[in-house]
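Here is how the chains run, residue by residue.
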Amino acid sequence: MKAIFDRVFIQPLREVFQKLAGFAPSLLTGIVVFAAGLVLAWLVKLLVVRIIRILKLDAAFARSGVTEALQKMAVKDTPAKLIGRMFFWLVAFIFFVLALSVMRVPVIDQLLERLLLYLPNIFVALVVLAIGWFLGNFLGRATLIASVNAGSKIAGPLSKGVKGVILLFAFVMAFEQLGIGRSTVIAAFAIMFGGVVLALALAFGLGGRDLARTFLEKRFKKNGDADRDDLKHL
Amino acid sequence: MSGKTPDAAGISRAKTAGLKNVDILVGIPSFNNARTIGHVVRAVEAGLTKYFPGRRAVLVNSDGGSSDGTTDVVRDASLDLDSILLDHRKGAFRKLVIPYHGIPGKGSAFRTVFEIARELEAKACAVVDADLRSITPEWVELLIKPVLEESYDYVAPYYMRHKYDGTITNTIVYPLTRALYGKRIRQPIGGDFGFSGRLASFYLGKDVWASDVARFGIDIWMTTTAVANGFKLCQAFLGAKIHDAKDPAADLSAMLHQVVGSVFDLMEDYADIWRTIRDSEPVATFGFVYSVGLEPIPVNLEKMIEKFQMGVRELAPFYRSFLPDDILAFLTDLAAQSDRGAFAYPDSAWVRTIIHFVLACHRKLASREHILKSLTPLYLGKVASFVIETWESPAEEVERRLEGLCRSFESEKDYLIERWNGQA
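Fair warning: this is a prediction, and the values are worked out from it, not measured in the lab.

Thresholds, definitions, all that
- Residues numbered from 1 in each chain as written.
- Chains lettered and ligands numbered in written order.
- Predicted model: local features only at pLDDT ≥ 70, side-chain atom pairs only at ≥ 80, totals over all residues.
- Helix = DSSP H or I, 4+ residues; strand = E, 2+ residues; numbered from the N terminus.
- Buried ≥ 20, exposed ≤ 12 C-beta atoms within 10 Å, placed from the backbone.
- Contact = placed C-beta atoms within 7 Å.
- Rg over C-alpha atoms; globule rule 2.2 N^0.38 Å.
- Nonpolar A, V, L, I, M, F, W, Y, C, P; charged D, E, K, R; others polar.
- Expected span 1.5 Å × (residues − 1).
- Pairing = 2+ DSSP bridges.
- Axes fitted to C-alpha atoms, helices over the stretch in contact; angles between N-to-C directions.
- Domains from an automatic or database assignment.
- Right-handed = clockwise from strand over helix to strand, strands pointing away.
- Core = buried A, V, L, I, M, F, W, Y, C linked by C-beta atoms within 7 Å.
- pLDDT = per-residue confidence, 0-100.
- Parallel < 35°, antiparallel > 145°, perpendicular 65-115°, else oblique.
- Left-handed = near helix turned anticlockwise from the far one by under 90°.

A. Layout of the overall build of chain A. Helix and strand counts for chain A come out as eight helices and zero strands. For chain A, the α and β elements follow one another from N to C terminus as α-α-α-α-α-α-α-α. Counting across all 234 residues of chain A, residues that qualify as buried make up 13%. The long-range share in chain A, meaning contacts at least 24 apart out of those at least 6 apart in sequence, stands at 62%.

This is the structure we're talking about:
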């Protein structure tokens, strides 16, 4: 009876304890590494926020419209705090990965390897999104100023359209980089973009016939100077 | 970039062989001006013959690769001296037709003129536009004589213009340049100038020939460089300036970007100088000032106000990034003004607007091109207000009105300096 009890309960328990005792140093090392990482991440966050304040980047973010955009997305933090927090989680994540690899669990090692190989894609996607954001803002504003100066009645929507298309491009490229629904995203984008172009062509073609005729008449007819303005500015 | 380019120097040496120590050099930059340049060349030749008979003179046509036969017109242009009661003289007047090299633009054409002036050791020089219709032989006298006989280094033009002609000059360039550098040069971007050989060499020594100065902005650059570096300067009354219409499709915002941008750039270069200057003083004016009958200029007031309103409405979020709240509130109220008669953009608000555009460019608060081009609707608002205010006024009264604007710019200079220095 005792032999059976030993074989069924005591021996497996002993094995579990032995394994746990063997794994304990690795686990402890992992926990220590992660804890150190958290402390370091906190210090990095403080440092980054301090640098951003010294370089007065917060004002630059406000001027470039980043702060306003964040507020519109219901993000209450300032860009400085947000960047600091991003650095905190980046360092914390790196140390978490380090802690897991210190523990040498085969399944986790495999997962980590795949994750590390995927990380460059995330980085590239983020860079693409950032470039798209700045380019969208810049060209959107350039369009707005140019169309206001040209006296276009649709300056606002035109500018938003340009910005939107560029952001859409950036998102499509980012998703493609991440390999998320690659064919679906591209097909959806192509259909949508084609649809927009077709709609615009139809709108201009059908709705703008009279406008085009008036414009051409004004441009090429000698008479019809009601709109004339001969100011020499220089 | 201050040295000669091999091509330009090579051409000038070959073409100027046998010439040295000339007294007078007149430069005419050109690009497809076949219709008008013949008249300009004849006027210059008549002026040199009539007013400087004993002097060695050279006319330089610095051409930018015209395809309409401009250079042929220059070569063939001849003057019937008998018809204008002048005696013939031989060998004292030479014409040089030289294509300029480098960045296409009036500045590069001028650079070639300066190089030849240095090469020939010219004592006095003048440059006149190739599209002038109102140039007379007297222009040559008025631009050259102050240099040759009165030891002036720079002669700015002073034209009689319609009250609504040259509105960028009147509302921005003249008052701002005057307030900054303390000299009342009425047409700082006139286009026709006289200058000494010494000043031509000084210009050549400046490292600007690969910048926007080579393309555009040479006029304000020449004036500002002469003023800021303490050269002796004056202005000459030339009468009316009538010239071929510029490209009618030329975009106003591009014009503002180029001209106002050049003034702002020069403020960076000469900040140490203009920050020490207070008030302004008149400069000597040569020539017999007389009134000229000027063609009326049609003004579309409604269109200007509409563009101002739309600009304020659409660009308000952008303006908010560099204009103070009180100016923005004023602009918003003015844009909402429905009574055209009450539409008024006072000088004080206009001066503050310009100062904050200057500061926005200085502090690089956004793309420089965006800042400058976004000035267009506000400028149209100011012009519309000016037109409403002076509709019934004669030229003298309008000039007095502009004097008031200039004084507003001068009185706000401390406000600008404090902010430029980062003290406010």
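Following the structure, the description resumes.
B. Examining the overall build of chain B more closely. A count of helical and extended segments in chain B gives 18 helices and ten strands. Compactness check: chain B gives a C-alpha radius of gyration of 22 Å against a globular reference of 22 Å for 424 residues, within 12% of the reference. Within chain B, the fraction of its 424 residues that count as buried is 49%. Looking at chain B alone, contacts between residues at least 24 apart form 86% of all its contacts between residues at least 6 apart.

C. The arrangement of the interface of chain B and chain A in detail. Chain B puts 31 residues into the contact, and the matching count from chain A is 19 residues. Those elements that provide at least two residues to the side of chain B that touches chain A are helix 6 (167-181), helix 10 (252-269), helix 12 (301-319), helix 15 (368-373) and helix 16 (376-390) of chain B. The biggest single contributor to the side of chain B that touches chain A is helix 12 of chain B, with seven residues. Among the residues forming the side of chain B that touches chain A, the class breakdown is 15 nonpolar, eleven polar and five charged.

D. Structural context of helix 10 of chain B. Across its 18 residues, helix 10 of chain B extends 26 Å between first and last C-alpha, which sits within 8% of the 26 Å expected from 1.5 Å per residue. Of the positions making up helix 10 of chain B, those classed as buried are Ser253, Leu256, His257, Val259, Val260, Gly261, Ser262, Val263, Phe264, Asp265, Leu266 and Met267 of chain B.

E. Spatial organisation of helix 9 (residues 218-228) of chain B. All names here are of chain B. With ten of its eleven residues buried, helix 9 lies for the most part within the structure. Those residues of helix 9 lying buried are Ile218, Asp219, Ile220, Trp221, Met222, Thr223, Thr224, Thr225, Ala226 and Val227. Positive backbone phi, at 75°, marks Gly230, one or two positions downstream of helix 9.

F. Geometry of the sheet that holds strand 8 (residues 233-240) of chain B. Residue and element names in this part refer to chain B. With respect to topology, eight strands assemble into an open sheet ordered 3-2-1-4-7-5-8-10, the strand pairing being mixed. Looking at the sheet topology across the chains shown, the edges are occupied by strand 3 (93-99) and strand 10 (284-286). Between one strand and the next, the sheet's axes are offset by a mean angle of 25°, whatever the strand orientation. Sheet topology note: the strand 5 (residues 154-160)/strand 7 (residues 193-196) ladder contains two bridges and is antiparallel. Its bridge partner being in strand 7, Tyr154 is matched across the sheet by Phe195.

G. Summary view of the domain arrangement of chain A. By the assigned domains, chain A splits into domain 1 (1-104), domain 2 (118-180) and domain 3 (183-218). A straight line from the C-alpha centre of domain 1 of chain A to that of domain 2 of chain A covers 33 Å.

H. The pairing of strand 2 (residues 57-63) of chain B, seen in detail. Residues and elements named next belong to chain B. For strand 2, a buried count of seven out of seven residues is recorded, marking the element as mostly surrounded by other parts of the structure. Here strand 2 shows a buried face lined by Ala57, Leu59, Asn61 and Asp63 and a second buried face lined by Val58, Val60 and Ser62. Relative to strand 2, strand 1 (residues 24-30) runs parallel, the two being bridged by seven bridges. Pairing of Ile24 across the sheet is with Ala57, part of strand 2. A crossover connection joins strand 1 to the parallel strand 2 through helix 2 (residues 34-51); in handedness this β-α-β unit is right-handed. Sheet topology places strand 2 next to strand 3; seven bridges connect them, and they run parallel. What sits directly across from Asp63, in strand 3, is Pro99.

I. Representation of the domain arrangement of chain B in the model. All names here are of chain B. Domain assignment breaks chain B into domain 1 (6-286) and domain 2 (301-420). Facing the 23 residues of domain 1 at the interface are 25 residues of domain 2. Considering every element that reaches the side of domain 1 that touches domain 2, the biggest residue donor is helix 10, with nine residues. Residues belonging to the side of domain 1 that touches domain 2 are distributed by class as follows: ten nonpolar, seven polar and six charged.

J. Structural detail: the nonpolar core. All names here are of chain B. Counting residues in hydrophobic clusters, the biggest one holds 129 residues, and the most contacted among them are Ile24, Leu25, Val40, Val128 and Val155. Residue contributions to this core peak at nine residues, all from helix 14 (residues 347-362). Other than its neighbours up to four places away in sequence, Val40 contacts Ile28, Val128, Ala130, Leu132 and Ile135.

K. Spatial organisation of the environment of Met86 of chain A. One can find Met86 of chain A in helix 4 (residues 79-103). For the pair Met86 of chain A and Val48 of chain A, spaced 38 residues apart in the sequence, the C-alpha separation amounts to 10.0 Å.

L. Broad picture of the confidence of the model for chain B. Residues and elements named next belong to chain B. When pLDDT is averaged along chain B, the result is 89, and 91% of the positions lie at 70 or above. The secondary-structure element of chain B with the lowest mean pLDDT is helix 1 (residues 6-15), recorded at 51, while strand 7 shows the highest, at 97. Residue range residues 1-7 is modelled with pLDDT below 50. Its contacts to residues more than four positions away, or to other chains, number twelve contacts.

M. Just the packing of helix 6 of chain B against helix 10 of chain B, in detail. Residue and element names in this part refer to chain B. The N-to-C vectors of helix 6 and helix 10 enclose an angle of 5°; their axes lie 11 Å apart at closest approach. Between helix 6 and helix 10, the interaxial angle falls into the category roughly parallel. Residues Ile168, Ile172, Val173, Leu176, Thr177 and Leu180 of helix 6 form the contact with helix 10, whose own contacting residues are Met255, Leu256, Val259, Val260, Val263 and Met267. When its residues are assigned to classes, the contact of helix 6 with helix 10 shows eleven nonpolar, one polar and no charged.

N. Up close: the environment of Trp274 of chain B. All names here are of chain B. The residue Trp274 is located in helix 11 (residues 271-274) in this model. On the basis of neighbour count, Trp274 is assigned to the buried category, with 22 C-beta atoms found within 10 Å. Spatially, the C-alpha atom of Trp274 lies 9.2 Å from that of Ile417, the residues being 143 residues apart in sequence. Residues within four places of Trp274 in sequence aside, it is in contact with Leu180, Tyr181 and Met267.

O. Local environment of the packing of helix 4 of chain A against helix 5 (residues 106-149) of chain A. Residue and element names in this part refer to chain A. Where helix 4 contacts helix 5, the two axes come as close as 8 Å, and the packing angle between them is 145°. Note on packing geometry: the crossing formed by helix 4 with helix 5 is left-handed. Across the interface between the two elements, Val97, Leu100, Ser101 and Met103 of helix 4 pack against Ile108, Asp109 and Leu112 of helix 5. By residue class, the composition of the contact of helix 4 with helix 5 is five nonpolar, one polar and one charged.

P. A look at unusual backbone geometry. All names here are of chain B. In the Ramachandran plot, Glu121 falls in the positive-phi region, its phi being about 55° despite a non-glycine side chain. Relative to the assigned elements, Glu121 resides in the loop between helix 4 (106-119) and strand 4 (124-127). The exposure class of Glu121 is partly exposed, given the 14 C-beta atoms found within 10 Å. Positive phi values are uncommon outside glycine, yet Ser151 reaches one of about 60°. Position of Ser151 relative to the elements: it lies in the loop between helix 5 (137-150) and strand 5.

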